[in-house]
Amino acid sequence: PELWDGATEVAAPASTENEIRVIAPTMGGEDFSFIAQKVPSVFLALGQGATDFAPLGDEGETVGPYDTTVTVHNGRFVLHEDLLRRGVALHAHLALSYLDRAGAKSGELGG
């Protein structure tokens, strides 16, 4: 619970809605579950969720619309590239927050 609380506290501001959504479990396969059995873990999905995503093409023209709710293993998957920056920032903040909390607990880092 402590790991989940810390991760969701950091993840919420990374969302365009400033909150996280807990989704229902799926039957999709995920190798990460094997790691989570041995190492305390949190699985976060950076959702795209637009059914009418229309990015700009190379010439500045609008292309699409595309359904970005399709999952990554689907042939119709389209990456909403603007979210890559948000995902990188999210992971960096998660790592820094974890290190800050771990350091504060051990007395080594301010926090």
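The preceding data block contains the structure.
A few points on the structure. (Residues numbered from 1 in each chain as written. Predicted model: local features only at pLDDT ≥ 70, side-chain atom pairs only at ≥ 80, totals over all residues. Heavy atoms only, no water.)

A few points about the overall build of the protein
Piece 1. For the protein, the count of helices and strands is three helices and zero strands.
Piece 2. Counting from the amino terminus, helix and strand elements in the protein follow one another as α-α-α.
Piece 3. Looking at the protein residue by residue over its 111 residues, the buried ones come to 19%.
Piece 4. A fraction of 41% describes how many contacts in the protein between residues 6 or more apart in sequence connect residues 24 or more apart.
Piece 5. About 8,800 Å² of surface is accessible on the protein, with carbon and sulfur atoms providing 57% of the total.
Piece 6. Distance from the positive charge centre (7 side chains) to the negative charge centre (16 side chains) of the protein: 7 Å. (Helix = DSSP H or I, 4+ residues; strand = E, 2+ residues; numbered from the N terminus. Buried < 20%, exposed > 50% of the residue type's maximum accessible area, 1.4 Å probe, protein only. Contact = heavy atoms within 4.5 Å. Areas by Shrake-Rupley, 256 points an atom, 1.4 Å probe, with all protein chains shown as cover. Lys, Arg positive; Asp, Glu negative; His and termini not counted. Charge placed at Lys NZ, Arg CZ, Asp CG, Glu CD.)

A short note on the side chain of T68
Piece 1. For T68, the position within the fold is in the loop between α2 (32–36) and α3 (82–106).
Piece 2. In contact with T68, other than residues within four places in its own chain, are Q48, G49, A50, F53, V78 and H80.

Comments concerning the pattern of salt bridges
Piece 1. Following the criterion strictly, the structure yields two salt bridges and no others.
Piece 2. A salt bridge links R101 to E9; the nearest nitrogen and oxygen atoms lie 3.3 Å apart. Taken together, the positions of R101 in helix α3 and E9 in helix α1 (residues 2–11) put the pair 92 residues apart, joining distant regions of the chain.
Piece 3. The partly exposed category is assigned to R101, whose relative accessible area is 33%.
Piece 4. With relative accessibility at 55%, the residue E9 sits in the exposed group.
Piece 5. Across the pair E17 and R21 runs a salt bridge whose closest N-O atoms are separated by 2.9 Å. (Salt bridge = Lys/Arg side-chain N within 4 Å of Asp/Glu carboxyl O.)

Things to note about α1
Piece 1. Every buried residue belonging to α1 is among G6, A7, T8, V10 and A11, and all of these are buried.
Piece 2. Here the buried face of α1 lies against α3.

Examining the layout of surface pockets
Piece 1. Empty space within the largest pocket amounts to approximately 2,000 Å³.
Piece 2. Those elements giving two or more residues to the lining of the largest pocket turn out to be α1, α2 and α3.
Piece 3. At six residues, α3 tops the list of elements feeding residues into the lining of the largest pocket.
Piece 4. Looking at side-chain class alone, the lining of the largest pocket contains 22 nonpolar, 16 polar and five charged residues.
Piece 5. Approximately 450 Å³ is the volume attributed to the second largest pocket.
Piece 6. For the lining of the second largest pocket, the elements supplying multiple residues, two or more each, are α1 and α3. (1 Å grid on protein atoms, 1.4 Å probe; cavity = no way out; pocket = protein on both sides within 12 Å on 5 of 7 lines; lining within 4 Å. Points joined across faces, edges and corners; volume = space filled by probe spheres on them. Nonpolar A, V, L, I, M, F, W, Y, C, P; charged D, E, K, R; others polar.)

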